[in-house]
Amino acid sequence: MKSSSSACATTRARRTQPSRDAAACAIYKATDGIGAKWAKTVVEAGGVAVEDLAAVDFDGDGKIDIVAAGRQTHNLRIYWNQGAKK
């Protein structure tokens, strides 16, 4: 995904308890049908933690994009999905 931002920031796409990679933006996909096992894809590593995000097709190209925001830091990052259209 290509990203743009109003300030340098990253987040994670799945909210979990804080961990060593809490400042990474990652997408998690259930691999077992019941949500007990997950595959992780890192979109961007490093940066600051972000509290809020949305996954929406912002540019109308049929691919889901991600916007992440930090309430305390006032950071905003948009991850434009550059993958193949489904």
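It should be noted that the structure appears before, not after, this text.
Residues numbered from 1 in each chain as written. Predicted model: local features only at pLDDT ≥ 70, side-chain atom pairs only at ≥ 80, totals over all residues. Heavy atoms only, no water.

Caption draft 1: Representation of the environment of Gly-70 within the structure. Mapping Gly-70 onto the fold places it in the loop between strand E5 (65-69) and strand E6 (76-80). In this structure Gly-70 comes out as buried when scored by relative accessible area, which is 7%. Distance from Gly-70 to Leu-53, taken between C-alpha atoms, is 8.8 Å for residues 17 residues apart in sequence. Those residues within four positions of Gly-70 in sequence are excluded, and the remaining contacts are Val-50, Glu-51 and Asn-75. (Helix = DSSP H or I, 4+ residues; strand = E, 2+ residues; numbered from the N terminus. Buried < 20%, exposed > 50% of the residue type's maximum accessible area, 1.4 Å probe, protein only. Contact = heavy atoms within 4.5 Å.)

Caption draft 2: View of the side chain of Asp-65. Looking at the element boundaries, Asp-65 is found in strand E5. Notably, Asp-65 is buried but unbridged: the nearest opposite-charge side chain belongs to Lys-63, and the N-O separation is 6.9 Å. Leave out the neighbours within four places in its chain, and Asp-65 touches Ala-54, Ala-55, Val-56, Asp-57, Phe-58, Asp-59, Tyr-79, Trp-80 and Asn-81. (Lys, Arg positive; Asp, Glu negative; His and termini not counted. Salt bridge = Lys/Arg side-chain N within 4 Å of Asp/Glu carboxyl O.)

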